[in-house]
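Observations on chain architecture
Listed below are the residues making up each chain.
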Amino acid sequence: MIGCRVEARQRLRKLTLLVAVLSAGLVASTLVASGASASGDKSESVMSSERLSAALAAAQTITRVPADLTPKLSNQDDIEDLASGVCPAHYTAPNVGINALHFGECTYGDPTGTRLLDIFGDSHAGMWLTAIRYAAERTGWRVRIFYFPACPVPDLTFYSVDTNSPNDACNKFRTAAIAAIRKTHPAMVVLTSATHQEVARDLLVTPAQWEAGYAKTLSLLKMPGTQLVVMGDIPYLTQDDPVCLAAHSSDVQACATPLSVAETGVLTSAENQAATANGAEYINPAPWICSHLCEPIVGNIRVYNDQYHLSATYAKFLSGVVQTALNLGD
């Protein structure tokens, strides 16, 4: 049972690393450097959906773990650094058990931008911040994030595996975050969450509950001049990416997951219906991550940080297609 354990980033992974040299001639062997620069340089090229599709197709021919794999298998936490934004000297969050960095205090993207985009959700909000911040920097948007691990967007009471009780702190955070977002009237709010969540011990949320809870949250965020966007859940691997790759350094395809399997239990339809019913745009990110297979490596990039989250390096690589999907402009 996955449930809220989706959010458990701090896994102990004792890896035996057997890294081989990348076979010559792979089409996408330099993807980290192309269109995914950490500098956010506005002159850099933006990844097209066609080029991304070609890279995903080429990934199916990878047999050995590249010598220049990024992030390395030993990097267990290739995630967004929330302290890397422009942050005030003194700031606090509501008393709901979260770090102030998670509550909209810091600015990412273009700190002088006139358009504001807020990201709201659980650890998947932190995951997508990487892609969105680089797209925003290129296009003149300011970005803030309201993010509580293991606290999904839908207005429901979820179960906390940490306290073995209803997640009341999540409910307090969600209420406070919605109020804070409404106060500044952002031009866009991107909502995103992992859908494999528990509403009671070993009891997963149903599609109907997820849709109703998501619809309620969206209704609370409706404001004139604010576009609401639901960034759907991602496909999940059946094996932990770096652990599997360490064990199959010469057989990368053993770590791939068929898309039909990876999307099992992902509540795409429920999210889409909630978004449509409330005038929000729905974006399904699966085509950015998988073809008919969800590959653990695309070019020389490790796609997943763990089974349930993209690596920050791959998220940065997706900043171009995210920019286009959100229509952030030039």
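Description of the structure in this document.

1. As for the packing of aromatic side chains
Under the defined criterion, the tally for this structure stands at nine aromatic pairs. Taken together, a centroid distance of 6.2 Å and an interplanar angle of 45° make the contact between Phe120 and Phe173 tilted. A residue pair is termed long-range when its members are at least 10 positions apart, and Phe120 in strand S2 (residues 115–121) and Phe173 in helix H3 (residues 168–184) qualify at 53 residues. Considered together, Phe120 and Phe173 belong to a single accessibility category, that of buried residues. Residues Phe148 and Phe173 carry aromatic rings whose centres are separated by 5.2 Å and whose planes lie at 90° to one another, so their mutual orientation is edge-to-face. Separated by 25 residues along the polypeptide, Phe148 in the loop between strand S3 (141–147) and strand S4 (159–160) and Phe173 in helix H3 bring together distant segments of the chain. Note on Phe148: relative accessible area 10%, which makes it buried. A relative accessible area of 0% places Phe173 in the buried class. Site record: aromatic cluster; members linked through ring pairs are Phe103, Phe120, Phe146, Phe148 and Phe173. Over the aromatic face of Tyr134 sits the side chain of Arg133, whose NZ or CZ is 5.7 Å from the ring centroid.

2. Observations regarding the sheet that holds strand S6 (residues 188–192)
In space, the six strands of this open sheet follow the order S1-S3-S2-S6-S9-S11, with mixed pairing throughout. Here the strands that pair on one side only, and so sit at the sheet edges, are strand S1 (108–109) and strand S11 (281–283). Bridging between S6 and strand S9 (residues 227–231) involves five bridges; their strand directions are parallel. Considered in S9, the bridge of Leu191 is made with Val230.

3. Quick notes on the nonpolar core
If you look at the biggest cluster of nonpolar residues, it comprises 62 residues, and the most contacted ones within it are Leu117, Trp128, Trp288, Leu310, Tyr314, Leu318 and Leu326. With near-sequence residues (within four places) excluded, Tyr314 lies in contact with Leu52, Leu56, Trp288, Ile289, Val298, Ile301, Arg302 and Val303. Membership of the second largest hydrophobic core comes to 31 residues, among which are Val96, Phe103, Leu218 and Ala270.

4. Details of helix H1 (residues 49–58)
Along H1, the residues that are buried comprise Leu52, Ala55, Leu56 and Ala58. The arc that holds the buried residues of H1, viewed along the axis, is 160°, so those residues lie on one side. Buried positions along H1 lie against helix H8 (286–289), strand S13 (297–298), helix H9 (312–317) and helix H10 (319–326).

5. Thoughts on unusual backbone geometry
In this structure, the amide linkage connecting Thr70 to the following residue, Pro71, adopts the cis form with an omega of -5°. Here Pro71 is to be found in the loop between H1 and S1. Unusually for a residue other than glycine, Asn164 sits at a positive phi of about 55°. Note on placement: Asn164 falls in the loop between S4 and strand S5 (165–166). Positioned with a positive phi, His185 is a non-glycine residue whose angle comes to about 45°. With respect to the secondary-structure elements, His185 resides in the loop between H3 and S6.

6. Topic: the pairing of S6
Within a regular beta strand, the side chains point alternately toward one face of the sheet and then the other, so they alternate between its two faces. Counted residue by residue, S6 has five buried out of five residues, so it is predominantly covered. Side chains Met188, Val190 and Thr192 project from S6 onto one buried face, and the interleaved Val189 and Leu191 project onto a second face that is buried too. Taken together, the five bridges between S2 and S6 define a ladder with parallel strand orientation. Opposite Ile119, over in S6, you have Val190 as the bridge partner.

7. Observations regarding the packing of H3 against helix H4 (residues 207–221)
Their axes nearest at 10 Å, the elements H3 and H4 cross at an angle of 30°. Contact residues: Arg174, Ile178, Ile181 and Arg182 in H3; Thr217, Leu220 and Leu221 in H4.

8. Brief notes about the environment of Thr268
Tracing the backbone shows Thr268 in helix H7 (residues 268–277). Thr268 sits 18 residues away from Ala286 along the chain, and the two C-alpha atoms are 9.9 Å apart.

Calculation notes
- Residues numbered from 1 in each chain as written.
- Predicted model: local features only at pLDDT ≥ 70, side-chain atom pairs only at ≥ 80, totals over all residues.
- Heavy atoms only, no water.
- Phe/Tyr/Trp six-rings, centres within 6.5 Å; stacked < 30°, edge-to-face > 60°.
- Helix = DSSP H or I, 4+ residues; strand = E, 2+ residues; numbered from the N terminus.
- Buried < 20%, exposed > 50% of the residue type's maximum accessible area, 1.4 Å probe, protein only.
- Lys NZ or Arg CZ within 6 Å of the ring centre and 35° of its normal.
- Pairing = 2+ DSSP bridges.
- Core = buried A, V, L, I, M, F, W, Y, C linked by side-chain atoms within 4.5 Å.
- Contact = heavy atoms within 4.5 Å.
- Arc of directions from axis to C-beta.
- Axes fitted to C-alpha atoms, helices over the stretch in contact; angles between N-to-C directions.

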